Amino acid sequence: MKKQKWYKRKIIVIPLAILLIILAGMQFVRPVIINPPVTGDLKVPHEVQVILKNSCYDCHSNETKLSWYDKITPAYWLVAQHVEDGRSGLNFSTWDQLSSADQKAKLWESVNQVTLGAMPLSSYTLAHPKAKLSGHDIKVLKDYIWNLRVNNVPEDTSKIKALKNQSGELKKAEPAVTVPKTLNGISYIPDYKNWAVVSTTQRVDNGTMRIIYGNDIAVKAIKNKQINPWPDGSILAKAAYDEIEDSEGNISQGAFKQVEFMIKDHKKYKETNGWGFARFKTPQLVPYGKSADFTIECMRCHQPMEKNDHVFTLPIRQ
């Protein structure tokens, strides 16, 4: 009888002991999380700063603070990956390295992520409940972003002049333009201007308007209400322009800023949720991104819209 009890105990104790030994050994196999110097912190009102430090800075700054349970492997591996990914996408400790326009764009994107519930990550707030944002916190962030909006100057002569100058330059340069490619191999698609307009939107943070075009496959999908998911071959083009406002508040298209493409192919672009991303900036159509990994940034930005097949601006129904 005693032998049977001891045998049963061995069945439980030995595997448990092996598991503990493995966990103990894992504590010595871990990446290093370091906090580099802060070169230029974000300058915002105190109330906004407190919210960001509480909910964002552990992953999006060089001031990462680890709880005791964050330091235990395998949880530590997940934390280390969160910090690496977070800093690569947005680092408040190197804020001075961004242009003023990029700073506002990053803040705009961040508040969008928060409002849509994509940030902070649920896997993070599960272990760090104090990082959850309250309704008041979100309102404070939204109010701050709204105060950064660009107000149009009615009949802005500088924007009107920029449009005229750009139109002339484009006509001269058009015959000599070569079709550029992004680093992930997507070519600029000049024919998008002949596609149907499927929606429009505005960015109050930089005073631009966006016109969204769809190719024939995308337009057909919209008409058939088959956009979740979008069919392979769908292409959406989002072109950004200055806003020119007249004395009565009517807004028209100004100078061209950039165009972005989303190309649906669930096999080819499996790593980025079935979409290929590309962006071409300025009239010179300079491809965006320092490496092909720029698509990771695009994917993260669109992650909150997973339930809408990762598309932000829903089309106007035909």
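What you see is a predicted model, and the numbers here were worked out from it, not measured in a lab.

Colleague: Tell me about the pairing of strand β1 (residues 196–203), and please be specific about residues and values.
Modeller: Across 7 bridges, β1 lies against strand β2 (residues 208–214) in antiparallel orientation. Residue pairing for β2: T200 is matched across the bridge by I211.

Colleague: Go over helix α2 (residues 46–55) with me, naming the residues and quoting the values.
Modeller: Within α2 the residues assigned to the buried category are V48, Q49, I51, L52 and S55. All buried residues of α2 fall inside an arc of 165 degrees around its axis, so they share one side. Tucked inside the fold, the buried residues of α2 contact α3 (57–60) and α7 (135–147).

Colleague: Tell me about helix α4 (residues 75–89), and please be specific about residues and values.
Modeller: The end-to-end C-alpha distance of α4, which contains 15 residues, comes to 21 Å, matching closely the 21 Å that a straight helix rising 1.5 Å per residue would cover. Y76, V79, A80, H82, V83, G86 and R87 are the residues of α4 that are buried. One face of α4 carries all of its buried residues, which in axial projection span an arc of 160 degrees. Those residues of α4 that are exposed and aimed more than 90 degrees away from the buried face are E84 and S88. Buried residues along α4 sit against α3 and α6 (122–127).

Colleague: If you had to explain the sheet that holds strand β5 (residues 275–281) to someone new, which residues and values would you point to?
Modeller: In a beta sheet, neighbouring strands pair by backbone hydrogen bonds and run either parallel or antiparallel. Judged by pairing direction, the sheet is antiparallel, and its 6 strands sit side by side in the order β1-β2-β3-β4-β5-β6 without closing on themselves. Each edge of the open sheet is held by one strand with a lone partner, namely β1 and β6 (286–287). Here β5 pairs with β6 via 2 bridges, running antiparallel. What sits directly across from K281, in β6, is V286.

What counts, and at which threshold
Residue positions are given per chain, counted from 1 along the sequence in the order it is written. Reporting in this predicted model follows two pLDDT cut-offs: at least 70 for local features of residues, and 80 or more for side-chain atom pairs to be given and counted; totals over whole chains, interfaces and linings ignore these cut-offs and use all residues. Hydrogen atoms and water are omitted, and side-chain values are computed over all heavy atoms in the structure. Two strands are said to pair when DSSP picks up at least two bridges between them. Each helix is a run of DSSP H or I of at least 4 residues and each strand a run of E of at least 2, with the numbering of both proceeding from the N terminus. Partly exposed describes any residue whose relative accessible area lies between the buried limit of under 20% and the exposed limit of over 50%, with all areas from a 1.4 Å probe on protein chains only and scaled to the type maximum. Throughout, the arc means the angular range of directions from the helix axis out to the C-beta atoms. Throughout, a contact is declared for two residues whenever any of their heavy atoms are within 4.5 Å. A helix is expected to reach a length of 1.5 Å times the quantity of its residues less one.

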